[in-house]
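Structure at a glance
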Amino acid sequence: MQRHEKEQFVKEVTAELEKSAGVLFVDFTGMDVEQQTTLRVKMREANVKYQVVKNTLMLRALEAAGVSDASSILKGAPTAVVFGYDDPVGAAKIAVDFQKDVDKLKIKGAVLENKVLDAKAAEAISKMPGRVELLSEIAGLILAPGRNLQSLLKGPAGKLVGAIEAKVDDGEDEG
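Residues numbered from 1 in each chain as written. Predicted model: local features only at pLDDT ≥ 70, side-chain atom pairs only at ≥ 80, totals over all residues. Heavy atoms only, no water.

Look at Asn-47: it is not a glycine, yet its phi comes out positive at around 60°. With respect to the helices and strands, the residue Asn-47 is situated in the loop between helix H2 (33-45) and strand S2 (48-53). Overall, the relative accessible area of 36% leaves Asn-47 in the partly exposed class. You will see that Asn-114, though not glycine, has its phi angle at about 60°, which is positive. Its location among the elements puts Asn-114 in the loop between strand S4 (106-112) and strand S5 (115-118). According to the relative accessible area criterion, Asn-114 is partly exposed, its value standing at 48%. (Helix = DSSP H or I, 4+ residues; strand = E, 2+ residues; numbered from the N terminus. Buried < 20%, exposed > 50% of the residue type's maximum accessible area, 1.4 Å probe, protein only.)

Written as structure tokens, this is what we have:
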């Protein structure tokens, strides 16, 4: 790759970093083509981009995006970068789940909100609830007071209806 191509590539990766909610770095050394393809398909289905980037170029892109101190993560083996656009948790969950089946995939670290995270912290992200789960929990919390009010109002009204039915039944027994 020539210098101007590298500069253009760094600009493209920097743009990807800026529009991503979170970025995960994985070591894919030892994975065969079939495993790589399966992982790429799973990532694509979840609106996650999986791209192999040379470590030195990734460091340049991270610096351009305002992230520093990623050199400890981006050294050694080639790195695949996982760009999570909608939900950083989703990208981490896919990688950790895939890692259970393919032990050759290793999580190197992550970047979340311009902060570099080590491998343990990146794996911990996968255990967090995702965007959809959080939205459903928030909706449940918003609806809870209405449900509670409904049950409070329904309780005494139910007792009143039960008392009236009992009186009617007593009247029918007598009559």
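Turning our attention to empty space enclosed by the protein. Counted by the stated rule, this structure contains 1 cavity of 30 Å³ or more. Here the largest cavity is characterised by a volume of approximately 60 Å³. Lining the largest cavity are Gly-22, Val-23, Leu-24, Val-82, Pro-88, Ala-91, Ala-92, Ala-110, Val-111, Leu-112 and Ile-125. Going through the elements one at a time, strand S1 (22-27), helix H4 (88-101) and S4 are the ones with two or more residues in the lining of the largest cavity. Residues that form the lining of the largest cavity fall into these classes: 10 nonpolar, 1 polar and no charged. (1 Å grid on protein atoms, 1.4 Å probe; cavity = no way out; pocket = protein on both sides within 12 Å on 5 of 7 lines; lining within 4 Å. Points joined across faces, edges and corners; volume = space filled by probe spheres on them. Nonpolar A, V, L, I, M, F, W, Y, C, P; charged D, E, K, R; others polar.)

Further remarks concern the pattern of salt bridges. Applying the stated criterion across every chain, the model contains 4 salt bridges. With a closest N to O distance of 3.1 Å, Arg-3 and Glu-7 form a salt bridge. Residue Arg-3 and its partner Glu-7 are located together in helix H1 (residues 3-19), separated by 4 residues, close to a single helical turn. One salt bridge in this structure joins Glu-16 and Lys-49, with 3.7 Å as the shortest N-O distance. In this pair, Glu-16 is assigned in helix H1 and Lys-49 in strand S2, connecting sequence segments 33 residues apart. Glu-16 sits in the buried class, given a relative accessible area of 12%. Here Lys-49 falls in the partly exposed class, since its relative accessible area comes to 29%. Several salt bridges share partner residues, and in doing so they unite Glu-16, Lys-19 and Lys-49 into one network. (Salt bridge = Lys/Arg side-chain N within 4 Å of Asp/Glu carboxyl O.)

We now examine the sheet that holds S2. Backbone-to-backbone hydrogen bonds pair the strands of a sheet. The strands run either parallel or antiparallel. Reading across from one edge, S2-S3-S1-S4-S5 is the order of the 5 strands in this open sheet, with antiparallel pairing throughout. What marks the edges here is a single partner per strand, and that holds for S2 and S5. Across the sheet, the axes of successive neighbouring strands diverge by a mean angle of 25°, strand direction being ignored. As defined by bridge partners, S2 adjoins strand S3 (residues 79-84) across 6 bridges and the pair is classed as antiparallel. Looking at the pairing, Val-48 lines up with Gly-84 of S3. Against the sheet, H2 engages S2 and S3, with an angle of about 140° to S2. Against the sheet, H4 contacts S1, S2, S3 and S4, and its axis sits at roughly 175° relative to S4. (Pairing = 2+ DSSP bridges. Axes fitted to C-alpha atoms, helices over the stretch in contact; angles between N-to-C directions. Contact = heavy atoms within 4.5 Å.)

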